[in-house]
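Letter by letter, the chains look like this.
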Amino acid sequence: AQSVAQPEDQVNVAEGNPLTVKCTYSVSGNPYLFWYVQYPNRGLQFLLKYITGDNLVKGSYGFEAEFNKSQTSFHLKKPSALVSDSALYFCAVRYGQNFVFGPGTRLSVLP
Amino acid sequence: NAGVTQTPKFQVLKTGQSMTLQCAQDMNHNSMYWYRQDPGMGLRLIYYSASEGTTDKGEVPNGYNVSRLNKREFSLRLESAAPSQTSVYFCASLSLGGGSYEQYFGPGTRLTVT
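The text that follows walks through the structure, step by step, so that each part is easy to find. All figures in this text were calculated on a predicted structure; none of them were measured in a lab.

### A closer look at the environment of Thr20(B)
Residue and element names in this part refer to chain B.
Here comes step 1: Tracing the backbone through its elements, the reader meets Thr-20 in strand 3 (residues 19–25).
Here comes step 2: Residue Thr-20 is classed as partly exposed on the basis of its relative accessible area of 26%.
Here comes step 3: In sequence terms Thr-20 and Asn-65 are 45 residues apart; their C-alpha atoms lie 9.2 Å from each other.
Here comes step 4: With residues near it in sequence (within four places) discarded, Thr-20 still touches Ser-75, Leu-76 and Arg-77.
Here comes step 5: Engagement of the side chain of Thr-20 in a polar contact is seen with the side chain of Arg-77, the distance being 2.8 Å.

### Details of the packing of aromatic side chains
Here comes step 1: Under the defined criterion, the tally for this structure stands at 16 aromatic pairs over all chains.
Here comes step 2: Ring geometry for Tyr36(A) against Phe46(A): centres 5.8 Å apart, planes inclined by 75°, an arrangement best described as edge-to-face. Here Phe46(A) lies in strand 6 (residues 44–50) and Tyr36(A) lies in strand 5 (residues 32–38), a separation of 10 residues in the sequence.
Here comes step 3: Note on Tyr36(A): relative accessible area 0%, which makes it buried.
Here comes step 4: Ring geometry for Tyr33(B) against Tyr48(B): centres 6.2 Å apart, planes inclined by 20°, an arrangement best described as stacked. Here the residue Tyr33(B) occupies a position in strand 4 (residues 31–37), and Tyr48(B) occupies one in strand 5 (residues 43–49), the gap between them amounting to 15 residues. With respect to burial, Tyr33(B) and Tyr48(B) carry one shared label: buried.
Here comes step 5: Ring pairing ties together the aromatic residues Phe34(A), Tyr36(A), Phe46(A), Phe99(A), Phe101(A), Tyr33(B), Tyr35(B), Tyr48(B) and Phe105(B), which thus form one cluster.

Rules and cut-offs
Residues numbered from 1 in each chain as written. Chains lettered and ligands numbered in written order. Predicted model: local features only at pLDDT ≥ 70, side-chain atom pairs only at ≥ 80, totals over all residues. Heavy atoms only, no water. Helix = DSSP H or I, 4+ residues; strand = E, 2+ residues; numbered from the N terminus. Buried < 20%, exposed > 50% of the residue type's maximum accessible area, 1.4 Å probe, protein only. Contact = heavy atoms within 4.5 Å. Polar contact = N/O pair within 3.5 Å; in protein donor to acceptor, adjacent residues only side chain to side chain. Phe/Tyr/Trp six-rings, centres within 6.5 Å; stacked < 30°, edge-to-face > 60°.

This is the structure we're talking about:
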């Protein structure tokens, strides 16, 4: 069965420091992987995706993610965190017409 | 270009009441989805529609029905609301143009069932 795990409920990082939000997945076949961000009282917004090609993908707002097939991981990264990056982050995997989302990781960037 | 719109934004129901959540998209997408979001559980798929005239169950369909009225609109109905259906409901549509696979989400409906 397809599944997505985000092992950390909460990640705290100081402004200006690098951040990593972790995601591991289980899916049959080649994975289509996504990161979405949710700000308070808003819908989810697309950040980036991996479908094929380079393992390091770049997305919106300076975020990037690294696909690691052997570790079945797709961690979200940013070299220098901003207070405005504080939000709820979801990893997702596509299978067929559907998508499975992880439980979410709350990122708090402290000034 | 409004993207994905949802109505209402908030709703309080008593147990046993019925209601319909409305969703519309203006991006000419074929596929549309209904999710519910509960704390610590991420988004769970209730129903989806791969194209106009088709609907399929997702992970948590019990207690819900859907209608794909046309290409733009995809509604979710609760026939007899239960407290367990207290949640935030999101509608989304899927872009397949250029191999995108990006989902566009509406702003959500916060439903409380007492």
